[in-house]
Number of protein chains: 2
Amino acid sequence: MIPTITAFERSPDGGKGLARDTRVRWALEEVGQSYDTRLVSFAAMKEPAHMALHPFGQIPTFEEGGVAIFETGAIILHIAQTRDGLLPKEADARARAVAWMFAALNTVEPPILDLTIARIVEGDRPWTAERLPLVLDRIRARLGLLSFRLRDAEWLDGAFSAGDLLMVSVLLRLRMSGLLDEYENLAAYVARGEQRPAYRRAFEAQLAVNAPAA
Amino acid sequence: MIPTITAFERSPDGGKGLARDTRVRWALEEVGQSYDTRLVSFAAMKEPAHMALHPFGQIPTFEEGGVAIFETGAIILHIAQTRDGLLPKEADARARAVAWMFAALNTVEPPILDLTIARIVEGDRPWTAERLPLVLDRIRARLGLLSFRLRDAEWLDGAFSAGDLLMVSVLLRLRMSGLLDEYENLAAYVARGEQRPAYRRAFEAQLAVNAPAA
């Protein structure tokens, strides 16, 4: 049984790997699970067939046998719970790795998404230039604490886990902002994530969809 | 073994139940697990002892035997996975309930938190009055789809689950805004959540800390 995921027919980022299907592809590559991809257009995402799979009309989704789920975090947790390689076996360490998954998505990503809203959605509003420093400082407040916790460790808590996969994915959104470079250990942490062969394969797979070679 | 959670010594909401320890208390009440509460001041939250438990210096945390975790979502998932009552037993339904947990925290809550930022953190800024309608419309975009999916069902997917617990908790943040009343089925859904005896006990427990009877 090969799972099927959905991805943008054309990603808004043009293939920079920031669309959330890249996170799911990465997880599947880490556990050595091949998969099929169904591409959906922006129009098709809002049609009943896709809305039945994803109530908010987004990507990615994950289908395998009787399982049909949405939400990147839930999909990656499901992959990690049904295959080896993304969560420690020992119960306490496993619970901590799951905590880092939620921390990436609930504590670190929201202020980073606010930067996207400020720059893109509200980019032409009169308040944006004056408001941007506040948005950046809210991101720095989180990055400073994350940097302090990580110190010079390779990963957040022992071996690479789904928590690192999501944290690196979330931090990658900051590449263009230069913010990441203010925290040397976080920049190195993200680079370690990007250097993983599974990440490279996931990145190339989404790039092949969005920016096919001439 | 009785787990210990942390909560604000004084909640910023003065006992309205919006601090995240209420969500964890509710989960523990649903599964019939008694618990101890350790109250922490804002100053203590930033000290090394608490930061070792919670890298971002927040509440709640959860400790039980060798398990010590942070992040509300991770704590509730841990409670749900180690006790009966918050997740379906059948694997496919269980994966869908977990998807709703992530949907509550990652898809529905972020635009709602932006309203808190706009009204409170940036409440005195010159752009706030003009910007607020945009923030509200981003919330409506999510509520409209959630309302459409819920229709006249009692809960999001079959029996009450940890997904409902988190979705109701997230929507409760909107009580004061009046936004919830624009969606009759969502208002009724939230009211059903609040009427659960386990929620009532959780609410009273946090109220006892924050607004003790004279």
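You'll find the structure just up there.
This structure is a prediction, so every number in the text was calculated from the model and none was measured.

Enquirer: Where do I start with the overall build of chain A in this structure?
Expert: A tally of helices and strands in chain A yields 9 helices and 4 strands. Secondary structure elements of chain A, listed N to C terminal, follow the sequence β-α-β-α-α-β-β-α-α-α-α-α-α. Relative to the 2.2 N^0.38 estimate, which gives 17 Å for 214 residues, the radius of gyration of chain A is 17 Å and therefore close to what a compact globule would have. In terms of principal-axis extent, the alpha carbons of chain A reach across some 50 × 45 × 35 Å. Each of the 214 residues in chain A was classed as buried or not, and the buried ones make up 44%. By sequence separation, contacts in chain A at least 24 residues apart represent 71% of the contacts at least 6 residues apart.

Enquirer: Sorry, what's going on with the relation of the copies chain B and chain A here?
Expert: In this arrangement, two copies of a chain are superimposed by a rotation about an axis accompanied by a shift along the axis. Overlay of chain B on chain A (RMSD 0.0 Å): rotation 180 degrees, translation along the axis 0.0 Å. The two molecules are tied by a two-fold rotation axis, judged by turn and shift. Same-surface contact between copies: 100% of interface residues of chain B are shared with the interface of chain A.

Enquirer: Is there a simple way to think about the nonpolar core in this case?
Expert: What tends to happen in soluble globular proteins is that the nonpolar side chains get buried as a cluster. With 110 residues, the main nonpolar core has Ala-162 of chain A together with Ala-162 of chain B as its most contacted residues. Those residues in contact with Ala-162 of chain A that sit more than four places away from it in its chain are Ala-27, Ile-76, Leu-77, Ala-80, Leu-86, Leu-87, Ala-97 and Met-101 of chain A.

Enquirer: Got a minute to help me understand the sheet that holds strand E2 (residues 36-40) of chain A in this structure?
Expert: What links the strands of a sheet is backbone hydrogen bonding, and the strands pair in either a parallel or an antiparallel sense. Residue and element names in this part refer to chain A. Spatially, E2-E1-E3-E4 is the arrangement adopted by the 4 strands of the open sheet, whose pairing is mixed. With one partner strand each, in any of the chains shown, E2 and strand E4 (67-70) form the two edges of the open sheet. Averaged over all neighbouring strand pairs, the angle between strand axes comes to 20 degrees, with direction disregarded.

Enquirer: Explanation requested: the pairing of strand E3 (residues 61-64) of chain B in the structure shown.
Expert: The side chains of a regular strand alternate between the sheet's two faces. Residue and element names in this part refer to chain B. Note: strand E1 (residues 4-8) against E3, 2 bridges, orientation antiparallel. By the bridge assignment, Ile-5 is partnered in E3 with Phe-62. Across 4 bridges, the pairing between E3 and strand E4 (residues 67-70) is antiparallel. Among the inter-strand pairings, Glu-64 is bridged to a residue of E4, identified as Val-67. Taking the residues between adjacent antiparallel strands as the criterion, E3 and E4 are bridged by 2 residues, where Gly-65 takes a positive phi near 60 degrees.

Enquirer: Where do I start with the sheet that holds strand E2 (residues 36-40) of chain B in this structure?
Expert: All names here are of chain B. The mixed open sheet is built from 4 strands, whose spatial order is E2-E1-E3-E4. Two strands close off the open sheet at either side, each with one partner strand: E2 and E4. Between one strand axis and the next, the sheet turns by 20 degrees as a mean value, whatever way the strands run. Two elements, E1 and E2, share 5 bridges in a ladder whose sense is parallel. Counterpart to Phe-8 in the pairing with E2 is Val-40. On top of the sheet, helix H4 (residues 72-82) reaches E3 and E4; it is set at about 140 degrees to E4, its chief contact.

Enquirer: Just to check I follow, could you spell out the interface of chain B and chain A for this structure?
Expert: Often the size quoted for an interface is simply the accessible area lost on bringing the parts together. Contact with chain B, which involves 33 residues of that partner, is made by 33 residues of chain A. Every element with two or more residues in the side of chain B that touches chain A is listed here: E4, H4, helix H5 (91-121) and helix H6 (128-150) of chain B. With 13 residues, H5 of chain B is the single largest residue contributor to the side of chain B that touches chain A. Of the residues assigned to the side of chain B that touches chain A, the class counts are 19 nonpolar, 6 polar and 8 charged.

What counts, and at which threshold
- Residues take numbers from 1 onward in each chain, read along the sequence in its written order.
- Chains carry letters from A onward and ligands carry numbers from 1 onward, assigned in written order.
- Where local features are concerned, this predicted model is filtered to residues with pLDDT of at least 70; where side-chain atom pairs are given and counted, the filter is 80 or more; whole-chain, interface and lining totals use all residues.
- A helix here means a DSSP run of H or I that spans at least four residues, while a strand means a run of E at least two residues long, and both kinds are numbered starting from the N terminus.
- Our radius of gyration looks at C-alpha atoms and nothing else; its globule reference is 2.2 Å times the residue count to the power 0.38.
- Any residue surrounded by 20 or more other C-beta atoms within 10 Å of its C-beta is treated as buried, while 12 or fewer makes it exposed and the intermediate range makes it partly exposed; C-beta atoms here are placed from the backbone.
- Contact between residues is assigned whenever the C-beta positions, reconstructed from backbone atoms, fall within 7 Å.
- All copies are superposed by least squares; the fitting set is the C-alpha atoms of residues with a pLDDT of at least 70 in both.
- Here a nonpolar core is just a set of buried residues of the types Ala, Val, Leu, Ile, Met, Phe, Trp, Tyr and Cys, joined wherever their C-beta atoms sit within 7 Å.
- At least two DSSP bridges between two strands are required for those strands to pair.
- To get an axis, a line is fitted to the C-alpha atoms, and for a helix only the part in contact is used. The angle between two axes follows their N-to-C directions and goes from 0 to 180 degrees.
- Classes in brief: Ala, Val, Leu, Ile, Met, Phe, Trp, Tyr, Cys and Pro nonpolar; Asp, Glu, Lys and Arg charged; the others, Gly included, polar.

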